[in-house]
Amino acid sequence: LSIFGGAPGAGKTTLAINIAMKLAADGAPVTILAVDEETEDLLIRLGQAEGFGRDDMEAAHPGTLAAVAERISETYPALTILDGDEVFVEDAAAELLGRRSGDDPALLVLDSLQTVMARASEGIGDPRLRVDAVVKAARAAAKSGLAVIATSELSRASYRAKNPGDRIEGIAAFKESGSVEYKCKLGLIL
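Residues numbered from 1 in each chain as written. Predicted model: local features only at pLDDT ≥ 70, side-chain atom pairs only at ≥ 80, totals over all residues. Heavy atoms only, no water.

Visitor: Would you mind going over the sheet that holds strand S5 (residues 147-153) with me for this structure?
Guide: Strand pairing in a sheet relies on backbone hydrogen bonds. The paired strands run either parallel or antiparallel. Reading across from one edge, S3-S2-S4-S5-S1-S6 is the order of the six strands in this open sheet, with parallel pairing throughout. The outermost strands of the open sheet, each flanked by one partner alone, are strand S3 (79-83) and strand S6 (186-189). Across the sheet, the mean angle from the axis of one strand to that of its neighbour is 15 degrees, orientation sign disregarded. By the bridge criterion, five bridges tie strand S2 (residues 30-34) to strand S4 (residues 107-111) in an arrangement that is parallel. Within the sheet, the bridge partner assigned to Leu 33 lies in S4 and is Leu 110. Contacts from helix H1 (residues 12-25) reach strand S1 (2-6), S2, S3, S4, S5 and S6, with the element oriented near 165 degrees to S5. (Pairing = 2+ DSSP bridges. Helix = DSSP H or I, 4+ residues; strand = E, 2+ residues; numbered from the N terminus. Axes fitted to C-alpha atoms, helices over the stretch in contact; angles between N-to-C directions. Contact = heavy atoms within 4.5 Å.)

Visitor: Would you explain a negative patch on the surface in this entry?
Guide: Among the surface-exposed residues, Glu 38, Glu 40, Asp 41, Asp 85 and Glu 86 lie close enough to one another that they form a single negatively charged patch. Its location among the elements puts Asp 41 in helix H2 (residues 39-49). Look at Asp 41 and you get partly exposed, because its relative accessible area is 33%. (Patch = residues over 30% accessible without salt bridge, like charges linked within 9 Å, V, L, I, M, F, W, Y side chains within 5 Å. Areas by Shrake-Rupley, 256 points an atom, 1.4 Å probe, with all protein chains shown as cover. Salt bridge = Lys/Arg side-chain N within 4 Å of Asp/Glu carboxyl O. Lys, Arg positive; Asp, Glu negative; His and termini not counted. Charge placed at Lys NZ, Arg CZ, Asp CG, Glu CD. Buried < 20%, exposed > 50% of the residue type's maximum accessible area, 1.4 Å probe, protein only.)

Visitor: Looking at this model, I keep getting lost on the pairing of S2. Mind explaining?
Guide: Moving residue by residue along a regular strand, the side chains alternate between the two faces of the sheet. The buried fraction of S2 amounts to five of the five residues, a majority that puts the element mostly inside the structure. The alternating pattern of S2 places Val 30, Ile 32 and Ala 34 on one face and Thr 31 and Leu 33 on the opposite face, and all of these are buried. Bridge count for S2 against S3 is five bridges, and the pairing is parallel. Within the sheet, the bridge partner assigned to Ile 32 lies in S3 and is Ile 81.

Visitor: Please explain the packing of H1 against H2 as it appears in this structure.
Guide: Each pair of packed helices gets described by two things: the angle between the helix axes and the distance between those axes. Contact geometry for H1 and H2: axes closest at 11 Å, N-to-C directions at 60 degrees. In terms of their interaxial angle, H1 and H2 are classed as oblique. Crossing angle aside, the handedness with which H1 passes H2 is right-handed. Residue-level inspection shows Thr 13, Thr 14, Ile 17 and Met 21 of H1 in contact with H2, the latter providing Leu 42, Arg 45, Leu 46 and Ala 49. (Parallel < 35°, antiparallel > 145°, perpendicular 65-115°, else oblique. Left-handed = near helix turned anticlockwise from the far one by under 90°.)

Visitor: Just checking my understanding: could you explain the packing of H2 against helix H4 (residues 64-75) for this structure?
Guide: Packing of H2 against H4 brings their axes to within 10 Å, and their N-to-C directions diverge by 70 degrees. By the angle between their axes, H2 is roughly perpendicular relative to H4. In the crossing of H2 with H4, the sense of the turn from one axis to the other is left-handed. Across the interface between the two elements, Glu 40, Leu 43, Ile 44, Leu 46 and Gly 47 of H2 pack against Leu 65, Val 68, Ala 69 and Ile 72 of H4. Grouping the constituent residues of the contact of H2 with H4 by class yields seven nonpolar, one polar and one charged. (Nonpolar A, V, L, I, M, F, W, Y, C, P; charged D, E, K, R; others polar.)

This is the structure we're talking about:
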């Protein structure tokens, strides 16, 4: 389980998607469970990597997003994007394991720990407990043999404090950090 943390706009999702695209281009099955980004927004990011103009895609010129979707499905047939508003981490992991061949690599991307849902997190109001349940599901997916990359917000105290001496630094900066900082194999702060 690798977790990429950063303030909004730091590049967490972009880094995770670039890794996902590289693996999918090499034929590894990849599933992106997206909540922080709408599926259309992820398609725009993928389209940019394929040379489509961002302005055309954002303006939703007729046929542009359809052309992007077609190119992505042709170039990255092993890539699946699931709507995290409708799919639990466990379901995304099961879907991916079903597409995986033997011990070949497979990647599950969770965007983000604070917004995706696990079965055990459903109905939990306390953000810390909800994230604990999501991290537990992500770790279970990793233990099943999947590579798991998750994005995570940082606490606002890590980037908004006016006095640099007041900023939270390092892995303690992860939002709802208890489970995030202690349960990942790799924590990368952007």
